[in-house]
Amino acid sequence: SGGMDGTLRLWNVESGDQVHLVPAVKKDAANSPPGHHSGPVTGLLPFEAPNNQGSFVFSSSLDDTVKVWNATNGECVASESHGQGVTSIALTADPKGNPLLLCGLFYGDIMIRGTISNPPLVLLLKLSHQYVGVGHELGPVNDIQSGPGNTFYAVADDGKLTVWQITGDFGL
């Protein structure tokens with residue numbers, strides 16, 4: 001679970017016990033420990049890496065970051081900044097079936113990142129109304145969801161529902 005204060009808790013779903021607590025840090029805190037959020041947590045996604053590579057949790061935050069947590073030990077294994085608050089996240093796949101992370105952003109942009117890429121969370125594509133002429137112009141992407149046939153859907157404060165389809169090869 002994620003908190004408005006940036007605190008992240010990982011739970012054992014079978015027992016209901018909290019197994020890891022990652023407290024929030026102040027954004028301007030000197031010597032803050034790595035792997036902590038400093039803004040409200042806006043999304044959490046469990047992720048089972050293919051080929052028994054492990055169990056992870058993705059978290060997004062208005063502190064501009066997406067982080068990857070090892071679900072077994074609570075360690076932050078990757079963190080990427082987006083330059084604007086991350087308002088929503090979802091998982092999808094490319095045409096080859098490689099898992100991708102969709103990130104809806106505060107100013108209407110969408111970023112597509114690799115999940116099992118090396119390095120982790122490598123930026124594969126940024127969809128911005130400013131560059132492609134379509135998409136969301138005003139306000140945050142409120143929700144982003146995976147659909148059939150390598151499609152995904154996004155809704156934002158501009159009142160638009162956009163439908164996107166991943167057709168290319170990201171080289172993963």
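Residues numbered from 1 in each chain as written. Predicted model: local features only at pLDDT ≥ 70, side-chain atom pairs only at ≥ 80, totals over all residues. Heavy atoms only, no water.

### Some words on the pattern of salt bridges
Here comes step 1: For the structure shown, the criterion picks out 2 salt bridges.
Here comes step 2: With a closest N to O distance of 3.7 Å, D109 and K126 form a salt bridge. Taken as a pair, D109 in the loop between β8 (99-105) and β9 (110-114) and K126 in strand β10 (residues 123-127) lie far apart in primary sequence, 17 residues in all.
Here comes step 3: Under the relative-accessibility criterion, D109 is labelled buried at 8%.
Here comes step 4: Residue class for K126 comes out partly exposed when judged on its relative accessible area of 34%. (Salt bridge = Lys/Arg side-chain N within 4 Å of Asp/Glu carboxyl O. Helix = DSSP H or I, 4+ residues; strand = E, 2+ residues; numbered from the N terminus. Buried < 20%, exposed > 50% of the residue type's maximum accessible area, 1.4 Å probe, protein only.)

### Quick notes on the sheet that holds strand β5 (residues 65-70)
Here comes step 1: Spatially, 4 strands are ordered β3-β4-β5-β6 in an open sheet, and the strand pairing comes out antiparallel. Of all the strands in the sheet, the pair left with one neighbour each is β3 (41-49) and β6 (76-81). Direction aside, neighbouring strands of the sheet carry axes that sit 15 degrees apart on average.
Here comes step 2: By the bridge criterion, 5 bridges tie strand β4 (residues 54-61) to β5 in an arrangement that is antiparallel. Pairing of V57 across the sheet is with W69, part of β5. (Pairing = 2+ DSSP bridges. Axes fitted to C-alpha atoms, helices over the stretch in contact; angles between N-to-C directions.)

### Notes on the pairing of β3
Here comes step 1: Note that β3 and β4 share 8 bridges and pair antiparallel. Bridge assignment links F47 to a residue of β4, and that residue is F56.
Here comes step 2: Hairpin geometry of β3 and β4 is characterised by an intervening segment of 4 residues between the two adjacent antiparallel strands and by a positive phi of about 60 degrees at N51.

### With respect to unusual backbone geometry
Here comes step 1: A positive phi is found at D64, a non-glycine position, where the angle reads about 85 degrees.
Here comes step 2: In this fold, D64 is placed in the loop between β4 and β5.
Here comes step 3: Phi angles above zero are rare outside glycine, and N150 is one such case at about 60 degrees.
Here comes step 4: Here N150 is to be found in the loop between β11 (141-146) and β12 (151-156).

### Brief notes about the sheet that holds β8
Here comes step 1: Spatially, β7-β8-β9-β10 is the arrangement adopted by the 4 strands of the open sheet, whose pairing is antiparallel. Here the strands that pair on one side only, and so sit at the sheet edges, are β7 (86-93) and β10. In this sheet, adjacent strand axes meet at a mean angle of 20 degrees when their direction is disregarded.
Here comes step 2: Where β9 and β10 come together, 4 bridges link them in antiparallel fashion. For I112, the partnering residue across the bridge sits in β10 and is L125.

### A look at the environment of D5
Here comes step 1: Within the secondary structure, D5 is located in the segment before β1 (8-11).
Here comes step 2: Once residues within four sequence positions are removed from consideration, D5 is found in contact with A24 and G39. (Contact = heavy atoms within 4.5 Å.)

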